[in-house]
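# Topology and contacts: notes
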Amino acid sequence: MSVSGSLAAVIKEQLQRALDRGCSFADVRYYEEDSTQSLVLYDGNLEGNYRRFERGIGVRVLKNGAIGFAATADLERIPDCFDRALANAEAAAALLGFPKDMGSEKPVHGTYKPPFQKDPFTIPLPEILNLLNTIDRQLNEKPVEHRMVRFHFQKRHIYYFNTEGSEIERWVMNPFANMTVMARDKENRTQRRSYDLESDGTGSRGFEWVENPAAFAVHADRIKSELSQLLSAETLPPARRDVILLPGQGHLQVHETIGHPLELDRILGYELSFAGGSHVKPQDIGTLRYGSEKLNAVVMVVENSPGTFGYDDEGTPQHQYYLIKNGILVNVLCSRIDLGEANAKAGKKVVEKSGASARAAGFYKTPIDRMTNVCVEWGSDGTLEDIVKATENGVILDMPVSWSIGSNREHFHFGCEIAWEVKDGRRTKVYKNPTYQGHTLEFYNSLDMVGDRSTWRLIQVPNCGKGEPNQIMEVGHGVPVMRFRNVLTGEGR
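Residues numbered from 1 in each chain as written. Predicted model: local features only at pLDDT ≥ 70, side-chain atom pairs only at ≥ 80, totals over all residues. Heavy atoms only, no water.

### A look at helix α1 (residues 5-20)
Keep this limit in mind: Helix and strand definitions follow DSSP, with helices as H or I runs of at least four residues and strands as E runs of at least two, each counted in order from the N terminus. In this analysis, the expected span of each helix is defined as 1.5 Å times one less than the number of residues it contains. Contact definition: two residues touch when any of their heavy atoms are within 4.5 Å.
Its 16 residues place the ends of α1 22 Å apart at the C-alpha level, agreeing with the 22 Å of an ideal helix rising 1.5 Å per residue. The inward-facing, buried residues of α1 abut β1 (25-42), β2 (45-63), α2 (78-93) and β5 (146-162).

What follows is the structure, given as C-alpha cells:
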C-alpha cells in the first residue's frame, strides 16, 4: 500500500470510531485518481475533447441495520464525512424495511493492476488526434455521407479499507473506441454501420490496443462496404425465422435479458423506480429453467476487459462462477449487503456468498449490484459458417440500433443495423432495418446452436446506466455466435 501513512492512519482511526459508535461494519474507498478522456471526430472535425480528473473519499457505515453513505473531496474533513455517514444511517434506520447485514468475512489484503503497456493519459494529444485523423481518412469515401470516430479512456487508482481489517490497492484501465459511417438509402432514410473495439479475450488494454490496426482500423473498409450494400437493400419482411446473433448484437441481448434481470437488488425490488425490476424471484435461484441445455452464462474474470478489476467496492476478490448452467439458473450477481434478505425471502439459502458485484461509479457514489463480465460460454457447434450451413431459413443479425425491454426484463424488441438472409445453408442477400422480438425465457429455450471458440468475442460496454441517482458503469460481455429457432422477425406495415 503506497497511500500516505498519515492518510491511512486517519482512515483507520475513523473506522474504529465508527465501531465505537455502534456500527457493525464500515468501509472507505479513497480514489487517489479517477480520470477520463473522451475525443470525438465527426466528419473530420474535432467535435468533442473532454478530460476530467477527480479525487476524494467515500464512506459507508452500517448501523442498526441501515446503510449511511457520505463523500468528500476535502481530505482535511474525513472525520466530518464519517459523522455525516453515521447521521444518514441513523436516519435511514427509522425507515428501514429489511435490516441489512454484511455477515462476516476474513480481512483481505491485495493489489490488482491490469496488464496495460501504454497509459493513454501519457500519450500527447497531437499523437491521439493523428490516429483519429488517420482512421477518419479511411472512412471518408463514397457512399459515406457522414462519419464519426470516438476514443474514450478511463483510469482509476483506488484504495479500500474496512472495519474487518481489509486493505486493498487497485488500478482500473479501460480504452474504448468506436467508428460509425452513415448515408441515406433510396427512401432517404439514414442507414449506418459501426464497429466497437472488441477482443477475443487475449489482447491488452492500454493505448496499444486502440492503435493496433488489426484490432480497430482494419474494420474501416468492411463497414464502408456493408453500408454500401445497405443503401440498395430492401427492408426485412416480417416472418418467423431462425435468428443467428453475431457477438455485436448478442452482447446486448445478454446484457439486457440475462445481466440486468440477474442483479440481486433488482430481484429484491430495489430498482423498480428506474429501469425496471426482474422477472426472477429469490426462490427461482437454483430451480428456474432459463434456457435450453445449450445455455451456459458465466461471470468471467478476463484481464483485458472492463468487467475485470481485481476486487469489488466491498473488497471481495473477483472469482469466476456460473449464473446459468445447462439452462438452469444457479446464481445471481450480488454483493454482500443483500444476501441475508435474498435467503430469507427464498425461505432457504439460495445464495452462498458475494459475487463481487458491488461497484460504484465514483468516490461520491455508493456501491450497488452491477454486472461485471457476464458472458456466454462458447459451444461445440462449429464456426459461423458451420451454423449457416445448418440453417434452412434464417437471418444473421449484427449491431443494435434500438431496443425496448419489458419493465421486468420478461420480453424485448431489438432493431439492428444489418441482416443477412440465410436460405438452405447459404447467405443470399442483405436486408436493412431488421428487427426481432420475443419473451426472455421462451427465447433462450429456443437456443439450439452455440458457436465454438473462434466465434467468441468480448464486447466492451462503456455506458451501462443504473441507479438513482444514476451511475454509468463499464462492463464486458464475451459471447459466441448463437442460433435461436423460430423467432418473430421484421415489422408488418
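From this point, the discussion proceeds with the structure in view.
### Concerning helix α5 (residues 219-231)
In plain terms, the rule: Burial classification: accessible surface area is computed with a 1.4 Å probe over protein chains only, and a residue below 20% of its type maximum counts as buried, one above 50% as exposed, and the rest as partly exposed.
With 13 residues, α5 extends 19 Å between its outermost C-alpha atoms, agreeing within 8% with the 18 Å of an ideal straight helix rising 1.5 Å per residue. Restricting attention to buried positions, one finds in α5 the residues H219, A220, I223, K224, E226, L227, L230 and L231. Considering only its buried residues, α5 is in contact with α3 (125-139), β6 (167-184), β7 (190-196), β18 (411-423) and β19 (426-432).

### Quick word on the packing of α1 against α2
Rules: As a rule, the C-alpha atoms of each element are fitted with a line to give its axis, helices using only the stretch in contact, and angles between N-to-C directions run from 0 to 180 degrees. Here the angle decides the label: under 35 degrees means roughly parallel, over 145 means roughly antiparallel, 65 to 115 means roughly perpendicular, and every other value means oblique. Crossings are assigned a handedness: left-handed for a near helix turned anticlockwise from the far helix by less than a right angle, right-handed for a clockwise turn. Classification convention: Asp, Glu, Lys, Arg as charged; Ala, Val, Leu, Ile, Met, Phe, Trp, Tyr, Cys, Pro as nonpolar; all other residues, Gly among them, as polar.
α2 packs onto α1 with a crossing angle of 25° between their chain directions and a minimal axis gap of 10 Å. Overall, the two elements α1 and α2 adopt an arrangement that is roughly parallel. Considering how the two elements wind past one another, α1 and α2 form a crossing that is right-handed. On the side of α1, the interface is formed by L7, V10, I11, Q14, L15, R17 and A18, while α2 contributes I78, P79, F82 and D83. Of the residues that constitute the contact of α1 with α2, the class distribution is 8 nonpolar, 1 polar and 2 charged.

### Side note on the nonpolar core
As a reminder of what qualifies: We define a nonpolar core as any set of buried Ala, Val, Leu, Ile, Met, Phe, Trp, Tyr and Cys residues linked to one another through side-chain atoms lying within 4.5 Å.
Grouped together as the largest cluster of nonpolar side chains are 51 residues, with contacts concentrated most on I258, Y290, L323, I324 and Y436. Here the element with the most residues in this core is β18; it accounts for 4 residues.

### So, the pattern of salt bridges
Using the following cut-off: Whenever Lys or Arg places a side-chain nitrogen within 4 Å of a carboxyl oxygen from Asp or Glu, that contact is recorded as a salt bridge.
By the definition in use, this model includes 43 salt bridges. Note that R147 is salt-bridged to D136, the shortest N-O span being 2.7 Å. Of this pair, R147 sits in strand β5 while D136 is found in helix α3, placing the two residues 11 residues apart along the sequence. For the residue pair R147 and D136, the accessibility class agrees, reading buried in each case. R457 serves as the salt-bridge partner of E198, at 3.5 Å between the closest nitrogen and oxygen. On the criterion of sequence distance, the pair formed by E198 in strand β8 (residues 198-199) and R457 in strand β22 (residues 457-466) is long-range, its members being 259 residues apart. For E198, a relative accessible area of 17% puts it in the buried group. Looking at R457, the relative accessible area reads 28%, which means it is partly exposed.

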